Amino acid sequence: MNTEQLIQSLSSHVPVVPRHALGRRIGLGLLSGAVVTLVLVVAILGVRPDLHEAMHGFSFWMKWIYTGSLGIAAVFAIIRLGRPTHTSLRGLWLLLIPVLVLAGVGISELATTPSSGWLAMWLGQSWMICPWLVLTLAMPIFIGLLWSFRKLAPTRLRAAGAVAGLAAGAWAATIYCVHCPETSALFVLTWYTLGILLAAGVGALLGPKLMRW
Amino acid sequence: MQATEAELRAWMTDGLDGDAAAHAALLRALVPLLHSFYRRRLRGAEADVEDLVQETLISVHTRRTSYDRERPFTAWLYAIARYRMIDHFRRRKVNVPIEDVEAILVAEGFEDTSSARMDVDNLLATLSPKQAQSIRDTHIEGLSVAEAAARAGIGESDVKISVHRGFKALAARLKGEPS
């Protein structure tokens, strides 16, 4: 096909791209994945029976603010990496803020708990499955984000995959909170973070393969 | 004549608003830009250059969402062109001698030229249209005074005076004097 024919066929279909199309596209991918994850949590794992009371407590909001702030930061990183220019990741150190704040809460927990109870607090009842559940629940969101990236132009594929995995993991963990009964900050800091990092790692592995364009 | 950043950006923005004619104009204007971009980096591989130009046009079309209207168009374009070229090497499993890598990645130079062109555009915009046009014709596009006069439909001495006064005003502006 010669170039002029190509240009004519490309110009025969020129859909409108609104000003905030990129953010909308990412939001739509994220949201559709999150709906699937929420359905999985509600249908298979079940909502924790005391969710209503828990929502008045500190530990529920601590978990939500932690995973939610990681999720928001990761979405901003996706917006950057979805464009071919200005792909610096310098702002990502901000992710350390929620981690450090949660670590601070964890230390104060240790200080107010007798040392004989530390291990039980740290491992909770679900430490063996929590990271794997977060990783599994991240997959629908990750797939949604892969769909978002199909109209974007990432040039750093491994980094783009990693932040997509990070966002998927953080939002999956946020949704998982409606099931998970654990209350300790140390538990969240270790096992939630591990699950989110696993999701980011899977994203970094798959990014160069699945996000190529 | 190569399209300016301002022209490309206007076509791109209109295309994003759904104007198919502007989109076609944009893609046509990109062909010579991309040709020189790739020809400079893939010496002698004419067929590959042709493929890359077409692939880049397709990418520009399908990845339009990733363009930020607030930012320069050419920087976005060359970032896409560079990605297409690296992907091209990867697919063909071409090994590039390390000495050539630098030449391949000199897109920054392109961005500098394009931002320099934007600076020139901004400066010329402060002059009267006649002065700006005369300077552009004779000093940027390299027309002779006679050609510039014929194009603008004014006398040759008018062109010379416009260029002279325009440069004087620009010099004053660059020295920080109010015009």
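A short tour of the structure in this document, coming up. Just so you know, these numbers come straight off a predicted model, no measurement behind them. (Residues numbered from 1 in each chain as written. Chains lettered and ligands numbered in written order. Predicted model: local features only at pLDDT ≥ 70, side-chain atom pairs only at ≥ 80, totals over all residues. Heavy atoms only, no water.)

## Details of the overall build of chain A
Part 1: Of the regular secondary structure elements, chain A holds 9 helices and 0 strands.
Part 2: Counted from the first residue to the last, chain A has its helices and strands arranged as α-α-α-α-α-α-α-α-α.
Part 3: In terms of overall dimensions, chain A has C-alpha extents of about 75 × 35 × 30 Å along its principal axes.
Part 4: Classification of the 213 residues of chain A by burial places 49% in the buried group.
Part 5: Contacts in chain A between residues at least 24 apart in sequence constitute 87% of all its contacts with a sequence separation of at least 6. (Helix = DSSP H or I, 4+ residues; strand = E, 2+ residues; numbered from the N terminus. Buried < 20%, exposed > 50% of the residue type's maximum accessible area, 1.4 Å probe, protein only. Contact = heavy atoms within 4.5 Å.)

## Quick notes on the overall build of chain B
Part 1: Counting its regular elements, chain B contains 9 helices and 0 strands.
Part 2: Beginning at the N terminus, the succession of helices and strands in chain B can be written as α-α-α-α-α-α-α-α-α.
Part 3: Within chain B, residue pairs in contact and separated by at least 24 positions form 62% of the contacts whose partners lie at least 6 positions apart.
Part 4: Total accessible area on chain B stands at roughly 9200 Å², and carbon and sulfur atoms take up 55% of it. (Areas by Shrake-Rupley, 256 points an atom, 1.4 Å probe, with all protein chains shown as cover.)

## Considering the nonpolar core
Part 1: In this structure, Y192(A), L30(B), Y38(B), L57(B) and F73(B) are the most contacted members of the largest nonpolar core, which totals 93 residues.
Part 2: Among the elements that take part in this core, helix 8 (residues 157-176) of chain A stands out by supplying 13 residues, more than any other.
Part 3: Among all residues touching Y38(B), those that are not within four sequence positions of it are V49(B), L52(B), V53(B), T56(B), A81(B), R84(B) and M85(B).
Part 4: Among the nonpolar cores identified, the runner-up in size contains 9 residues, and L127(B), A132(B), V159(B) and V163(B) belong to it. (Core = buried A, V, L, I, M, F, W, Y, C linked by side-chain atoms within 4.5 Å.)

## Describing the packing of helix 7 (residues 129-140) of chain B against helix 8 (residues 145-152) of chain B
All names here are of chain B.
Part 1: Direction vectors running N to C along helix 7 and helix 8 enclose 140 degrees, while the axes themselves pass 9 Å from each other. Comparing the axis directions of helix 7 and helix 8 gives the class oblique. As for the relative orientation of helix 7 and helix 8, their crossing is right-handed in sense. Touching Q133, D137 and T138 of helix 7 are V145, A148 and R151, all from helix 8.
Part 2: Here the residues of the contact of helix 7 with helix 8 are counted per class, giving 2 nonpolar, 2 polar and 2 charged. (Axes fitted to C-alpha atoms, helices over the stretch in contact; angles between N-to-C directions. Parallel < 35°, antiparallel > 145°, perpendicular 65-115°, else oblique. Left-handed = near helix turned anticlockwise from the far one by under 90°. Nonpolar A, V, L, I, M, F, W, Y, C, P; charged D, E, K, R; others polar.)

## As for the environment of L70(A)
Residues and elements named next belong to chain A.
Part 1: Along the chain, the position of L70 falls in helix 4 (residues 58-81).
Part 2: The exposure class of L70 is buried, given its relative accessible area of 7%.
Part 3: Sequence-distant contacts of L70, defined by excluding residues within four places in its chain, comprise L95, P98, A170 and I196.

## Here we look at the environment of H164(B)
Residues and elements named next belong to chain B.
Part 1: For H164, the location among the structural elements is in helix 9 (residues 156-174).
Part 2: Since its relative accessible area comes to 53%, H164 is described here as exposed.
Part 3: Between the alpha carbons of H164 and M12 there is a distance of 35 Å; along the sequence they are 152 residues apart.

## Focus on the packing of aromatic side chains
Part 1: Under the criterion given, the structure shown has 13 aromatic pairs over all chains.
Part 2: When the ring of F60(A) is compared with that of W61(A), the centres are 5.9 Å apart and the planes differ by 85 degrees; the resulting orientation is edge-to-face.
Part 3: By relative accessible area, F60(A) is classed as buried at 1%.
Part 4: Classification of W61(A) as partly exposed rests on a relative accessible area of 35%.
Part 5: Seen from their ring centres, F187(A) and Y192(A) are 6.4 Å apart, and the 70 degrees between their planes marks the pair as edge-to-face.
Part 6: Each residue in the set F60(A), W61(A) and W64(A) is aromatic and connected to the rest through ring pairs, giving one cluster.
Part 7: Across the ring face of W147(A), the terminal group of R25(A) is positioned such that the distance to the ring centre comes to 3.6 Å.
Part 8: One residue, R41(B), lies across the ring of F37(B), its end atom 3.9 Å from the ring centre. (Phe/Tyr/Trp six-rings, centres within 6.5 Å; stacked < 30°, edge-to-face > 60°. Lys NZ or Arg CZ within 6 Å of the ring centre and 35° of its normal.)

## Observations concerning the interface of chain A and chain B
Part 1: Facing the 33 residues of chain A at the interface are 36 residues of chain B.
Part 2: Each partner contributes to the roughly 2900 Å² buried at the junction of chain A and chain B, and carbon and sulfur atoms together form 59% of this total.
Part 3: At the junction of chain A with chain B, the criterion picks out 3 salt bridges.
Part 4: Across the pair R212(A) and D87(B) runs a salt bridge whose closest N-O atoms are separated by 3.1 Å.
Part 5: Among the elements of the structure, helix 1 (3-11) and helix 2 (21-45) of chain A are those that each provide at least two residues to the side of chain A that touches chain B. (Buried area = accessible area lost by both parts, 1.4 Å probe. Salt bridge = Lys/Arg side-chain N within 4 Å of Asp/Glu carboxyl O.)

## Overview of the side chain of T3(A)
Part 1: Its place among the elements puts T3(A) in helix 1.
Part 2: Its relative accessible area of 13% is what places T3(A) among the buried residues.
Part 3: A distance of 3.3 Å separates a polar atom in the side chain of T3(A) from a polar atom in the side chain of Q54(B).
Part 4: Contacts of T3(A), omitting those with residues within four sequence positions, involve V31(B), E50(B), Q54(B) and L57(B). (Polar contact = N/O pair within 3.5 Å; in protein donor to acceptor, adjacent residues only side chain to side chain.)

## Topic: the packing of helix 2 (residues 20-41) of chain B against helix 4 (residues 73-92) of chain B
The relative placement of two packed helices is expressed as an angle between their axes plus a distance between the axes.
Residue and element names in this part refer to chain B.
Part 1: Following both chains from N to C, one finds helix 2 and helix 4 inclined at 50 degrees, their axes separated by 11 Å at the closest point. Here helix 4 runs oblique to helix 2, going by the angle between their axes. Between helix 2 and helix 4 lies a crossing of right-handed hand. Residues L26, L30, L33, L34, F37, Y38 and R41 of helix 2 touch helix 4, and the partners they reach there are F73, L77, Y78, A81, R82, R84 and M85.
Part 2: In the contact of helix 2 with helix 4, the residues fall into 11 nonpolar, no polar and 3 charged.

Scope: geometric values only; no functional claims are made or implied.
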